[in-house]
Amino acid sequence: MLITFEGIDFCGKSTQVKRLEDRVRASDRTVRVLREPGGTPIGEVIRGLLLDRAHAAMTDAGELLLFSASRSQLVQDVVRPALNAGTVVILDRYYDSTTAYQGYGRGIPLDVIHAVNRFATGGLVPDLTFLLDIPEDEIERRMQQVRHTGDRMESSGRQFYGRVRAGYRALAGKESRFRMLDGMKPVDDLERMIWEEVRQWLT
Ligand SMILES: Nc1ncnc2c1ncn2[C@@H]1O[C@H](COP(=O)(O)OP(=O)(O)OP(=O)(O)O)[C@@H](O)[C@H]1O
Ligand SMILES: [Mg+2]
């Protein structure tokens, strides 16, 4: 089973990925968590390139292709073998992030994005995708709480995040694999809602 977590920066993806990982493991299944970009030696180098503030001049096309290069490596070397072995794979971001950020956010035409996404993943679609939806103002609030200085992707401004959020919501309306959750709800409530969905899938 392939489960993905999506949503704008600081929406709570990694928090819920960890909670779900613990729940799946406690149910006696093999589970593997991976983060995007990264998850392979080549992917981790690409991650460094993408998040480095020194690379502010990166073109939109370059950004799209680097994310996709990292993803291609991850799918081929790690995700597909794990799924074939019956492992529950949880991805902290997948190609919906590219559609939302590089497509709706940066404005790359969606037909280009969809073609690149299919090419990079070989058409591997998640079984279940959790979209944690928060207002874009909440990013700043949560960032200040942890006194976090943004990486290159996080320095894009509120309007950008507004477009990304709207893009995610549009995507969620198009495919039945999406579960859109209110990311302003308490962490424990979200954990329970997510587990309820996954539990049904696993039985
Ligand atoms: N439901 C929630 N309510 C309030 N705060 C939350 C909630 N979930 C997570 N947070 C807080 O928001 C911050 C970001 O959480 P987290 O790292 O899980 O988000 P993320 O989506 O993985 O972010 P990124 O895209 O930057 O990796 C953390 O400080 C976390 O404690
Ligand atoms: Mg995270």
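Here the residue index of a chain counts from 1 through its sequence in written order. Following the order in which they are written, the chains are lettered starting with A and the ligands numbered starting with 1. Predicted model: local features are reported for residues with pLDDT of at least 70 only, side-chain atom pairs are reported and counted for 80 or more only, and whole-chain, interface and lining totals are derived from all residues. Note: side-chain values were computed over all heavy atoms of the structure, leaving out hydrogens and water.

**What about the sheet that holds strand β5 (residues 178–182)?**
Next, step 1: Two strands qualify as a pair provided that DSSP identifies no fewer than 2 bridges between them. In DSSP terms, a helix is any run of H or I states spanning at least four residues, a strand is any run of E spanning at least two, and both are numbered starting from the N terminus. Strand order in the open sheet formed by five strands is β2-β3-β1-β4-β5, with parallel pairing between adjacent strands. The sheet terminates laterally at β2 (31–35) and β5, the two strands that pair on one side only. Averaged over all pairs of adjacent strands, the angle between their axes in this sheet comes to 20 degrees, without regard to strand direction.
Next, step 2: Direction of pairing for β2 relative to strand β3 (residues 88–92): parallel, over a ladder of five bridges. Looking at the pairing, V31 lines up with V88 of β3. Every axis corresponds to a line fitted to the C-alpha atoms, with the helix fit spanning only the stretch in contact, and the corresponding angles, defined between N-to-C directions, vary from 0 to 180 degrees.

**Brief notes about the pattern of salt bridges**
Next, step 1: A pair is scored as a salt bridge if a Lys or Arg side-chain nitrogen falls within 4 Å of a carboxyl oxygen belonging to Asp or Glu. This structure, assessed with the given rule, holds 22 salt bridges.
Next, step 2: In this structure, E191 engages R23 in a salt bridge whose closest nitrogen and oxygen atoms are separated by 2.8 Å. Of the two residues, E191 sits in helix α8 (residues 187–202) while R23 sits in helix α1 (residues 13–26), which places them 168 residues apart along the sequence.
Next, step 3: In this structure, the salt-bridge partner of D137 is R158, at a minimum N-O distance of 3.2 Å. Taken together, the positions of D137 in helix α6 (residues 136–145) and R158 in helix α7 (residues 158–172) put the pair 21 residues apart, joining distant regions of the chain.

**Overview of helix α5 (residues 110–121)**
Next, step 1: Take the number of residues in a helix, subtract one, and multiply by 1.5 Å to get its expected span. Counted at 1.5 Å a residue, the expected span for α5 with its 12 residues is 16 Å, and the 16 Å between its end C-alpha atoms agrees.
Next, step 2: Relative accessible area decides the class of each residue, using a 1.4 Å probe on protein chains only: under 20% of the type maximum gives buried, over 50% gives exposed, and in between gives partly exposed. Those residues of α5 not exposed but buried are I113, V116, N117, A120 and T121. Along the axis of α5, the buried residues cluster in a sector spanning 115 degrees; they form a single face. Those residues of α5 that are exposed and aimed more than 90 degrees away from the buried face are D111, R118 and F119. Note that the arc is defined by the directions from the helix axis to the C-beta atoms.

**A short note on the nonpolar core**
Next, step 1: Among the nonpolar cores identified, the biggest contains 33 residues, and I3, L20 and V198 are the most heavily contacted of them.
Next, step 2: A per-element tally of this core places α7 first, with six residues.
Next, step 3: The contact criterion used throughout is that any non-hydrogen atoms of two residues lie within 4.5 Å. Each residue touching L20, except ones within four places of it in the same chain, is listed here: I3, F5, I90, I194, W195 and V198.
Next, step 4: Think of a nonpolar core as a cluster: buried Ala, Val, Leu, Ile, Met, Phe, Trp, Tyr and Cys residues, connected wherever their side-chain atoms sit within 4.5 Å. Within the second largest apolar cluster, 12 residues are counted, among which are L2, V79, A82 and L124.

**So, the packing of helix α3 (residues 60–84) against α5**
Next, step 1: Where α3 contacts α5, the axes come no closer than 8 Å and their chain directions differ by 30 degrees. Classified by the interaxial angle, the pair formed by α3 and α5 is roughly parallel. Here α3 contributes L64, S68, R71, S72, V75 and R80 to the contact with α5, which in turn contributes V112, I113, V116, N117, A120 and T121.
Next, step 2: Partitioned by chemical class, the residues of the contact of α3 with α5 number six nonpolar, four polar and two charged. Geometric relationships in this document are graded by angle, where less than 35 degrees denotes roughly parallel, more than 145 denotes roughly antiparallel, 65 to 115 denotes roughly perpendicular, and other angles denote oblique. Three classes are used: nonpolar for Ala, Val, Leu, Ile, Met, Phe, Trp, Tyr, Cys and Pro, charged for Asp, Glu, Lys and Arg, and polar for all others, with Gly counted as polar.

**What to know about the site of ligand 1**
Next, step 1: When we say a residue is near a molecule or strand, we mean one of its heavy atoms is within 4 Å of it. Near ligand 1 there are 15 residues, and of these F10, K13, S14, T15 and K185 occur at the shortest range.
Next, step 2: At 3.3 Å from an oxygen atom of ligand 1 is found a main-chain nitrogen or oxygen belonging to C11.
Next, step 3: Polar contacts, as used here, are pairs of N or O atoms within 3.5 Å; protein pairs need one atom able to donate a hydrogen and one able to accept it. Residues neighboring in sequence count only if both atoms are side-chain atoms. Between an oxygen atom of ligand 1 and a side-chain N or O atom of S14, the distance comes to 2.8 Å.
Next, step 4: Computed with the Shrake-Rupley method and a 1.4 Å probe, the accessible areas treat only the protein chains shown as cover for residues. When ligand 1 is considered free in solution it has 640 Å² of accessible area, and contact with the protein chains removes 71% of it.
Next, step 5: Looking at the shell around ligand 1, the element that brings in the most residues is α1, giving three residues.
Next, step 6: When the residues that make up the shell around ligand 1 are grouped by side-chain class, the tally is five nonpolar, four polar and six charged.

The analysis is restricted to geometry; functional conclusions fall outside its scope.
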